[in-house]
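Breakdown of the fold
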Amino acid sequence: MRILVLGSGAREHAIVTALLSENVGHEITAAPGNAGIAADVAVVALDPTNGAVVAEYSIENDIELVIIGPEAPLVAGVADELRQRGIAVFGPGKAAAQLEGSKTFAKYIMETAGVPTGRADRAGTIEDAIALLDEFGAPYVVKADGLAAGKGVIVTSDRDAALEHARHYLQQGSVLVEEFLDGQEVSLFLLSDGHTVLPLSPAQDYKRLGDDDAGPNTGGMGAYSPLPWLPDGFVDEVIDRVALPTVRQLAQEQTPFIGLLYCGLIITADGIRVIEFNARFGDPETQVVLPRLLTPLSGLLYAAATGRLSEQPRPEFTTDVAVGVVLASEGYPEEPITGRAITGLDRLEGVTVAHAATAHAADGHFVATGGRVLTVVATAPDFAEARATVYRELQKISLEGGQFRTDIAARVAR
Ligand code: AMP
Ligand code: GLY
């Protein structure tokens, strides 16, 4: 199949790697991709958020499936433009992508569809925010309403810090103040064709920068899959109580969700609660979910894009586990220092590397060009072995000031 993958992160590299692993001779192009992706497939310097440009390119090059990786092209309406021109695309249109792009819209859909989630209210002024913080009490949860690359959320017992965060994001619009939910977090990805959903294997993401969940929220510092501690029937419960009601509600609102429904969940003492939806594959969870997928990814995504998911059996996964650790630049997430050399990648054994923010330097080495630089992933029969492999190999990579968590999957490895 001729496939165009939009995006330039480790998630898109993992998608490309999964497509290549099918070994059926797909012709894959990524736009714009990154240095790691360019080592594996063709890349083209298109602006992935420009629907007209992506559509022209797809038509000229007989692209049979466009896979949209990041949220920005979704929210910009690229999927709508492609669909209007008859191109099969995996990714929701602008309206359905508001499930991720607007926390207020997500809450509206959940309330209407009866999906379990935390209590929350929107504040448009600092006075509203103060009133809500005092109503909900500590620990405080304040979220930017729009897209903020995982950094728009603060969870803190420090009232001044919560207020400061609210003040900052109120300059850009409204904020959401939410009830604190206590429990284990789960990321569950479901493929949707607008009507039917099919689950992928659950994963857990580590959102905080430092070990033991210290430090600020990030886009995600590591992940593992599957989650051996999940209660029986968890995935089916999420399908019945969260994913299907949400997809049906969106269909009823004439905004069918075709793409990846990312359910960010917390298992509280009172049951499952949605903390967020995303309208795309998660990063870094994708880097640990896709290497375990046995069913060909292209067939699943094409079936979703063409409204034929009901003809597909549930995706199958290996019993092997996967652990992924993100290497980030010094200064991430506030102000990553870029331009530093990354060496040692050519010496790695037994792992795959999903590149995120890398470029080729003149001397043939890679340089870091952003905050999250790459994800190192190992699969193995058990977590102890996968962890040992990932951390052994990470020691071989040198990036001045590079940061990574040392406790990814530690809780399941003993
Ligand atoms: P979000 O961008 O909404 O996923 O939030 C980022 C992270 O903040 C989540 O992964 C959780 O770790 C944390 N978080 C968000 N909302 C809540 C909440 N209501 N209670 C506790 N933690 C939360
Ligand atoms: N890993 C969190 C996200 O992709 O939003």
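Up top you'll find the structure we're talking about.
Structure report, in brief. Because the structure is predicted, anything quoted here is derived from the model rather than measured.

Taken as a whole and assessed by the stated rule, the structure comprises 22 salt bridges. The residue Glu100 makes a salt bridge to Arg280 at a minimum N-O spacing of 2.9 Å. One end of the pair, Glu100, is in helix H6 (residues 94-101); the other, Arg280, is in the loop between strand S17 (271-278) and helix H11 (285-289), with 180 residues separating them in the sequence. Accessibility classification places Glu100 together with Arg280 in one group, the buried group.

Residues in contact with ligand 1 amount to 14 residues; listed here are only the nearest, Glu178, Leu181, Glu185, Lys207 and Glu276. For ligand 1, an oxygen atom lies 2.9 Å from a polar atom in the side chain of Lys143. In the model, a nitrogen atom of ligand 1 is placed 2.8 Å from a nitrogen or oxygen of the Leu181 main chain. Computed on the free molecule, ligand 1 has an accessible area of 470 Å², of which 93% lies beneath the protein chains in the complex. Those elements giving two or more residues to the shell around ligand 1 turn out to be strand S7 (140-144), strand S8 (153-156) and S17. Its residues assigned to classes, the shell around ligand 1 shows 6 nonpolar, 1 polar and 7 charged.

A separate point is the packing of H6 against helix H7 (residues 103-113). Their axes nearest at 6 Å, the elements H6 and H7 cross at an angle of 100 degrees. Between H6 and H7, the interaxial angle falls into the category roughly perpendicular. Seen from H6, the contacting residues are Ala95, Gln98, Leu99 and Gly101; seen from H7, they are Lys103, Phe105, Ala106 and Ile109. When its residues are assigned to classes, the contact of H6 with H7 shows 5 nonpolar, 2 polar and 1 charged.

Moving on to the packing of aromatic side chains. A complete count under the given rule lists 7 aromatic pairs for this structure. Geometrically, the ring pair formed by Phe189 and Phe281 is edge-to-face, given 5.9 Å between the ring centres and 85 degrees between the ring planes. On the criterion of sequence distance, the pair formed by Phe189 in strand S10 (residues 184-193) and Phe281 in the loop between S17 and H11 is long-range, its members being 92 residues apart. Taking the centre distance of 5.3 Å and the plane angle of 85 degrees together, the rings of Tyr224 and Phe383 count as edge-to-face. Taken as a pair, Tyr224 in strand S15 (residues 222-225) and Phe383 in helix H13 (residues 383-394) lie far apart in primary sequence, 159 residues in all.

Parameters and conventions
Residues numbered from 1 in each chain as written. Chains lettered and ligands numbered in written order. Predicted model: local features only at pLDDT ≥ 70, side-chain atom pairs only at ≥ 80, totals over all residues. Heavy atoms only, no water. Salt bridge = Lys/Arg side-chain N within 4 Å of Asp/Glu carboxyl O. Helix = DSSP H or I, 4+ residues; strand = E, 2+ residues; numbered from the N terminus. Buried < 20%, exposed > 50% of the residue type's maximum accessible area, 1.4 Å probe, protein only. Near = heavy atom within 4 Å. Polar contact = N/O pair within 3.5 Å; in protein donor to acceptor, adjacent residues only side chain to side chain. Areas by Shrake-Rupley, 256 points an atom, 1.4 Å probe, with all protein chains shown as cover. Nonpolar A, V, L, I, M, F, W, Y, C, P; charged D, E, K, R; others polar. Axes fitted to C-alpha atoms, helices over the stretch in contact; angles between N-to-C directions. Parallel < 35°, antiparallel > 145°, perpendicular 65-115°, else oblique. Contact = heavy atoms within 4.5 Å. Phe/Tyr/Trp six-rings, centres within 6.5 Å; stacked < 30°, edge-to-face > 60°.

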